[in-house]
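Summary of structural features
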Amino acid sequence: MKWVKIAIALTLSAKTVIATGPLNGLPVLNGPIPTVNNVNGMKKRVGDFVHPGLWHTHDDLERIRNGVNNNQDPWKTAFQNFSTDSYSQASYVMQGPKQILCRGSCSNYTSFANDVRAAYQNALMWYITRNQSHWDRSTTILDAWGTNLTSIIGTDTSLMVGLDGDMFANAAEIMRWEGGWVEKGARASGGSGFSNQLYWLFARQSIIIGQANYGMVSIKGLLSFAVYLDDVTMYNYALNAYQNDICGGIYGNIDEHSGQSSETGRDQGHAVNGLAWTALAARIIQSQGTDVYSIGNNMLLKGAEYSAKYNLGNDVPYDPKFYRCEAILINGPWSAPSNISRGLGTSGTSLTPPVWDILYYQYVVKRGLSAPWTTKAKQTYDAAGGEGHVTGNDQPSWGDLLWSYPGKGSFKNNDDRTIWGGGMIGPNGIGMLNYASP
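Bear in mind that the values here come from a model prediction, so they are computed numbers and not experimental data.

Looking now at the overall build of the protein. Scanning the protein from N- to C-terminus turns up 15 helices and six strands. Intrachain contacts of the protein at a sequence separation of at least 6 include 77% that bridge at least 24 residues. Summed over all atoms, the accessible surface of the protein reaches about 17900 Å², with 52% contributed by carbon and sulfur.

Listed below in structure tokens is the structure:
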């Protein structure tokens, strides 16, 4: 009887996989997403979601577009560089799609990463310029990968999913809610396009959250996927992880007392990238109407000040008892801050990670807080060339264009612009309604 039950269960699991269409390698063993209660900012129903509402709300996009069109800096100068970048061109030649992606020993994901960035940057180009060719380029990339990719495999898939997948979702969020894009393969009986892929191959593979910066990548990815998919349970789970997961959340990444990163003893690349991924996760939560930038008495800013000071060549206090969970996996814990990849601006022949703009504009400009080391880090980075063209999607870059505010202020979003559903642009530009016939 026991083996009969197991056989039945396996048969049902196989049917579940088949029901998702052509997608393979699905993480069916992940099980249900845990439900959470009493989390600051949690959603109570699907209609609570704000769209567009990942890295950029409608108001954020308007701030960018108006800054460019009104010839205001930093938007004007940043856009001059952004608009000439190879990934911002409507003539960008797509490098995919592929059916199988792998990050690890069988790495082949560069074509996906490049196409994702082109889709995202063309989405922004379309919004700013309203040039149809950018709309076409972004949406054809979204549809091509969304209808062809069937498997994501390898030992490091969580990073690819949380980095490239998050940027892909951001491109789609802009084109869906602002551009009226309806994904190829969408139908009432069950789609076979982008959103189906986003749920099974990206979101479901992020449920098991890792440690420190690795964990924060999954958290920020889950937040974006959940908003795009209008998944209340997934969003609340990720929101809770950001605030309360002591291995992968903000308290697993930053010492609330000193600002030390749990990766400081490992190397500075992981330490500062973790700061920016924490800031990007907070940005999504901000778009959804909740401020977590101020959590722990602005502990993210404290973390930025600590890492900026150290990477600018100064000594910092170090607690050898604050390190990332499962540090043994990467030869930890460590007795002192690491000098590996230490520095800011130019390192060898390349720039260090473009992480400082999002922190500077959120805390120093928007909130008017004193952050001398973060400010100096931005100034040093700008003097070395500033945030611009990058290879890979560890960070969005282009911070002067994406994250700028004109000065101190609350900059609350007008959430009434959102109408839920997807489809063509709603009346008076207030949002999206699905006007398609059943």
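Our next topic: unusual backbone geometry. Across the junction of histidine 51 and proline 52, the peptide omega takes the value -15 degrees, indicating a cis bond. Its place among the elements puts proline 52 in the loop between α1 (2–18) and α2 (58–69). Following glycine 96, the chain continues into proline 97 via a peptide bond in cis, with omega recorded as 5 degrees. Unlike most non-glycine residues, asparagine 71 shows phi in positive territory, near 55 degrees. Within the element layout of this structure, asparagine 71 appears in the loop between α2 and α3 (75–82). Its identity is not glycine, yet asparagine 297 carries a phi of approximately 55 degrees, on the positive side.

Attention now moves to the state of the cysteines. This structure, assessed with the given rule, holds two disulfides. The partner cysteine of cysteine 102 in its disulfide is cysteine 106, sulfur to sulfur 1.8 Å. As the torsion about the S-S bond is roughly 65 degrees, the cysteine 102-cysteine 106 disulfide counts as right-handed. Across the disulfide, cysteine 247 is cross-linked to cysteine 325 (sulfur-sulfur distance 2.1 Å). Taking the torsion about the sulfur-sulfur bond, which here is approximately -80 degrees, the covalent link between cysteine 247 and cysteine 325 counts as left-handed. Taken together, the residues cysteine 247 in the loop between α9 (232–244) and α10 (250–253) and cysteine 325 in the loop between α12 (295–311) and β3 (346–347) connect sequence positions 78 residues apart. By sequence order of its bonded cysteines, the protein has the disulfide arrangement 1-2, 3-4.

The subject of this paragraph is the packing of aromatic side chains. Using the criterion set out here, one finds 16 aromatic pairs in the structure. Taking 5.9 Å as the distance between ring centres and 90 degrees as the angle between the ring planes, the aromatic pair formed by tyrosine 293 and tyrosine 363 counts as edge-to-face. In this pair, tyrosine 293 is assigned in the loop between α11 (268–287) and α12 and tyrosine 363 in helix α13 (residues 356–366), connecting sequence segments 70 residues apart. The buried category is assigned to tyrosine 293, whose relative accessible area is 1%.

This next bit is on the environment of phenylalanine 322. In this fold, phenylalanine 322 is placed in the loop between α12 and β3. It is 8.8 Å that separates the C-alpha atoms of phenylalanine 322 and isoleucine 254, two residues lying 68 residues apart in sequence. The residues contacting phenylalanine 322, other than those within four sequence positions of it, are Tyr251, Asn253, Ile254, Asp255, Gln260, Ser261 and Ser262.

Moving on to the environment of threonine 35. Inspection of the secondary structure puts threonine 35 in the loop between α1 and α2. In this structure the C-alpha to C-alpha distance between threonine 35 and asparagine 236, which are 201 residues apart in sequence, comes to 7.5 Å.

Attention now moves to the environment of phenylalanine 168. Mapping phenylalanine 168 onto the fold places it in helix α6 (residues 157–177). When neighbours within four sequence positions are excluded, phenylalanine 168 is seen to be in contact with Phe112, Val116, Ala119, Ile141, Leu142, Trp145, Phe194 and Gln197.

This part takes up the side chain of serine 261. Here serine 261 is to be found in the loop between α10 and α11. Among the polar contacts made by the side chain of serine 261, one reaches the main-chain amide nitrogen of glutamate 263 at a distance of 2.9 Å. Those residues in contact with serine 261 that lie beyond four places of it in its chain are Asn253, Ala271, Tyr306 and Phe322.

Phe168, Phe202, Tyr242, Leu300, Trp356 and Leu401 are the most contacted members of the largest nonpolar core, which totals 110 residues. In terms of residue count, helix α4 (residues 110–129) provides more of this core than any other element does, 12 residues in total. Apart from the residues within four sequence positions on either side, tryptophan 356 is in contact with Val272, Ala304, Ser307, Ala308, Leu344, Thr374, Ala377, Lys378, Tyr381 and Glu387. By size, the runner-up hydrophobic cluster in this structure holds six residues, among which are Tyr306, Tyr310, Tyr318 and Ala327.

Between its first and last C-alpha, helix α5 (residues 132–146) extends 21 Å over 15 residues, near the 21 Å set by a 1.5 Å rise per residue. For α5, a buried count of 11 out of 15 residues is recorded, marking the element as mostly surrounded by other parts of the structure. Residues of α5 that are buried in the fold lie against β1 (100–102), α4, α6 and α7 (194–203).

A few words on the pattern of salt bridges. Scanning the entire structure with this criterion turns up 12 salt bridges. Between aspartate 60 and arginine 283 there is a salt bridge; the shortest N-O distance is 3.4 Å. Of the two residues, aspartate 60 is situated in helix α2 and arginine 283 in helix α11; the sequence distance between them amounts to 223 residues. A relative accessible area of 4% means that aspartate 60 is categorised as buried. The partner of arginine 324 in a salt bridge is glutamate 263, and the shortest N-O contact between them spans 3.0 Å.

What follows covers the packing of α5 against α6. It is at 10 Å that the axes of α5 and α6 come closest, and there the two elements cross at 125 degrees. By the criterion of interaxial angle, the relationship of α5 to α6 is oblique. The handedness of the crossing between α5 and α6 is left-handed. Between α5 and α6, the contacting residues are Trp135, Ser138, Thr139, Ile141, Leu142 and Trp145 on the first element and Phe168, Ala171, Ala172 and Met175 on the second. Here the residues of the contact of α5 with α6 sort into eight nonpolar, two polar and no charged.

So, on to the side chain of glutamate 305. Mapped onto the secondary structure, glutamate 305 falls in helix α12. When residues no more than four places from it in sequence are discounted, the contact partners of glutamate 305 are Ala371, Pro372, Trp373 and Thr374.

This part takes up the confidence of the model for the protein. With 87% of its residues at a pLDDT of at least 70, the protein reaches an overall mean of 88. Segment residues 1–21 is flagged for pLDDT under 50; beyond a separation of four residues in sequence, or across chains, it makes six contacts in the model. Between residues 419–438, whose pLDDT stays under 50, and residues either more than four places distant or in other chains, the model counts 46 contacts.

The rules we used
Residues numbered from 1 in each chain as written. Predicted model: local features only at pLDDT ≥ 70, side-chain atom pairs only at ≥ 80, totals over all residues. Heavy atoms only, no water. Helix = DSSP H or I, 4+ residues; strand = E, 2+ residues; numbered from the N terminus. Contact = heavy atoms within 4.5 Å. Areas by Shrake-Rupley, 256 points an atom, 1.4 Å probe, with all protein chains shown as cover. Disulfide = S-S within 2.5 Å. Phe/Tyr/Trp six-rings, centres within 6.5 Å; stacked < 30°, edge-to-face > 60°. Buried < 20%, exposed > 50% of the residue type's maximum accessible area, 1.4 Å probe, protein only. Polar contact = N/O pair within 3.5 Å; in protein donor to acceptor, adjacent residues only side chain to side chain. Core = buried A, V, L, I, M, F, W, Y, C linked by side-chain atoms within 4.5 Å. Expected span 1.5 Å × (residues − 1). Salt bridge = Lys/Arg side-chain N within 4 Å of Asp/Glu carboxyl O. Axes fitted to C-alpha atoms, helices over the stretch in contact; angles between N-to-C directions. Parallel < 35°, antiparallel > 145°, perpendicular 65-115°, else oblique. Left-handed = near helix turned anticlockwise from the far one by under 90°. Nonpolar A, V, L, I, M, F, W, Y, C, P; charged D, E, K, R; others polar. pLDDT = per-residue confidence, 0-100.

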